[in-house]
Amino acid sequence: MSEPLKVAIAGLGNVGVGVVKILQQHRELIADRTGREIAITAVSARSRNSNRGVDLSNYTWVDNAADLAQMDDVDIVVEAIGGEDGIALELAQNALKNSKSFVTANKAMVAHHGALLADLAQDNNVALRFEAAVAGGIPIIKAIGEGLAANQLSLVYGIMNGTTNYMLSQMEATGKSYDEILEETDALGYLEADPALDLDGIDAAHKLAILSSVAFGTKTDFDNVYIEGIRAIETVDIAYGKELGYRIKLLGITKYENGTLSQRVHPVMIDRELPIARVMDGFNALVVDGDYIDRTFYQGRGAGEGPTASAIVADIIDIARGHNGAAFFKPSHKLVDAQSVTINERQGAYYVRLHVEDHAGVIADITTSLKDANVSVETMLQKGTERDGTVYVIMTTHETRETAMKDALNRINELSSVIENPLSIRIEKL
Ligand SMILES: NC(=O)c1ccc[n+]([C@@H]2O[C@H](COP(=O)([O-])OP(=O)(O)OC[C@H]3O[C@@H](n4cnc5c(N)ncnc54)[C@H](OP(=O)(O)O)[C@@H]3O)[C@@H](O)[C@H]2O)c1
């Protein structure tokens, strides 16, 4: 067997400890598969004295994680700290500059600085890998970059945030409100330290920006991802969606056509019978379309210690096998600046929920507003009067432009009988 591959791990929380566990427990299995021993040589985290439930006594403890980038007996730095900038980015840049391969689970950092890091890896002839940053339990980056490498890809979409998928699933299963389910989800420890990352779709957008680059060879462009989260979804929408044959999912959708890139994360209503509509609870799922494969579908756990660490160790094994090809599967100078398509250019149908006073003429006013905005209604349901004399009006529209729908909603919102902001959800035919 050749020389052991020496690994340093920065960050010993859920993910970092998961990596230590796999490398300890599957040491022989991995060495057999790789033809090379993988040895942890150094570790770093904030507090040296925490009991992390794993034996770290054989590894050099380093107080300042940034120092791992300079150590002689380190071939690969694994970063499991987090944050788009700060220590994680400093470590990434220094490790790559010092010709050490770099493996990370940090989706925020790769979404914001992917192109820069890919350049550094290429200039220094080392590997940059981030399978764990996108749906850890699903080897989607490898699937796209290797298994599907013969294809021109055109569309990637999926459920990229397990926490919000869990919440929407629980709202449907229990009929409980968004606020109740949010409280329960928080108690289970499923939310990110900053819950906005989950609830406002930012975490999913980080992953989508990475997938766009991997799939289409474009430069990571997080700033042009349209992002909307799930905070406005209520149990009534889930129930009315069901009556109409739809299920609500928070999807990330990225499309590349003729040099233009459309990236968006928002709740959608989709046919309940679609395979992706049946993916419930904490699972992630991804769909990739290519010219010679038609459609492929992947499902698995997107987060948690095990799936995330499994993806990191797979990346380490890849490097141990001598693979140090381009991070985005193309030389970094060939990554293109795609022209970005805004959400205003979307064309499609919409679900709309209005909460209005229940008196004569209200429906006529709504219909006039829609007509004036050139939006035509496909179905309209009026749901029984509430005790306070208000009523829900639920509509779906025919295909229309996003700008027309926004115009219609602004007009409707100005009607005195409308008592809360209208909610619209895009209906996607996928
Ligand atoms: N958890 C998941 O399911 C998951 C899934 C996919 C991707 N990720 C990504 O993986 C990364 C780590 O996530 P995690 O869940 O493992 O986080 P975590 O449990 O909060 O662990 C973070 C670790 O980083 C250490 N740390 C913080 N600041 C540091 C600093 N300045 N210098 C050195 N170490 C520092 C902490 O040290 P102490 O322990 O001493 O405080 C801790 O060990 C993030 O980028 C996250 O987005 C996580």
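From a predicted model like this one, the values you see are computed outputs, not experimental measurements. (Residues numbered from 1 in each chain as written. Predicted model: local features only at pLDDT ≥ 70, side-chain atom pairs only at ≥ 80, totals over all residues.)

**Let's talk about the overall build of the protein chain**
Summing up its helical and strand segments, the protein chain has 13 helices and 18 strands in all. For the protein chain, the proportion of its 430 residues judged to be buried stands at 46%. Taking contacts inside the protein chain between residues at least 6 apart in sequence as the whole, the part at least 24 apart equals 76%. (Helix = DSSP H or I, 4+ residues; strand = E, 2+ residues; numbered from the N terminus. Buried ≥ 20, exposed ≤ 12 C-beta atoms within 10 Å, placed from the backbone. Contact = placed C-beta atoms within 7 Å.)

**Some remarks on the site of the ligand**
Taken together, 25 residues lie around the ligand, and Gly 11, Gly 13, Arg 46, Gly 82 and Ala 303 are the ones closest in. For the shell around the ligand, the leading source of residues is helix α1 (residues 14–25), giving three residues. Taken together, the residues of the shell around the ligand break down into eleven nonpolar, twelve polar and two charged. (Near = placed C-beta within 6 Å. Nonpolar A, V, L, I, M, F, W, Y, C, P; charged D, E, K, R; others polar.)

**Comments concerning the environment of Leu 244**
With respect to the helices and strands, the residue Leu 244 is situated in the loop between α10 (235–243) and β9 (246–257). Residues Leu 244 and Thr 396, spaced 152 residues apart in sequence, show a C-alpha to C-alpha distance of 9.0 Å. Contact partners of Leu 244, with chain neighbours within four places excluded, come to Thr 379 and Thr 396.

**As for helix α4 (residues 107–123)**
Taking 1.5 Å per residue, 17 residues should reach 24 Å; α4 reaches 22 Å between its end C-alpha atoms and fits that length. Maximal helix bending in α4 amounts to about 80 degrees, located at His 113. Across the 17 residues of α4, twelve count as buried, placing the element largely inside the fold. When α4 is considered as a whole, its buried residues turn out to be Lys 107, Ala 108, Met 109, Val 110, Ala 111, His 113, Gly 114, Ala 115, Leu 117, Ala 118, Leu 120 and Ala 121. One or two steps after α4, the chain reaches Asn 125, where phi turns positive at roughly 60 degrees. (Expected span 1.5 Å × (residues − 1). Bend = angle between axes of the 7 residues up to and from the residue.)

**Section: the domain arrangement of the protein chain**
By convention, interface size is frequently given as the accessible area that disappears when the constituent parts associate. Here the domain parsing of the protein chain yields domain 1 (2–133), domain 2 (140–301 + 336–343) and domain 3 (346–427). Centre-to-centre, using C-alpha coordinates, domain 2 lies 26 Å away from domain 3. Contact residues are listed per partner, giving 13 residues for domain 2 and twelve residues for domain 3. Of all the secondary-structure elements, those providing two or more residues to the side of domain 2 that touches domain 3 are α10, β9 and β10 (260–271). Here the side of domain 2 that touches domain 3 is built from residues that sort into ten nonpolar, two polar and one charged. (Domains from an automatic or database assignment.)

**Digging into the packing of α1 against helix α11 (residues 305–320)**
Two elements in contact, α1 and α11, have axes separated by 8 Å at closest approach and are oriented at 65 degrees. As α1 packs across α11, the resulting crossing turns out to be right-handed. In this structure, α1 contributes Asn 14, Val 15, Val 17, Gly 18, Val 19, Lys 21, Ile 22 and Leu 23 to the contact, and α11 contributes Glu 305, Gly 306, Thr 308, Ala 309, Ser 310, Ile 312 and Val 313. Partitioned by chemical class, the residues of the contact of α1 with α11 number eight nonpolar, five polar and two charged. (Axes fitted to C-alpha atoms, helices over the stretch in contact; angles between N-to-C directions. Left-handed = near helix turned anticlockwise from the far one by under 90°.)

**Considering unusual backbone geometry**
The phi angle at Ala 135 is positive, at roughly 50 degrees, despite the residue not being glycine. Relative to the helices and strands, Ala 135 is located in the loop between β6 (128–129) and α5 (140–147). In this structure, Phe 329 takes a positive phi of about 65 degrees despite not being glycine. Inspection of the secondary structure puts Phe 329 in the loop between α11 and β13 (339–340). Judged by local crowding, Phe 329 falls into the partly exposed class, with 17 C-beta atoms found within 10 Å.

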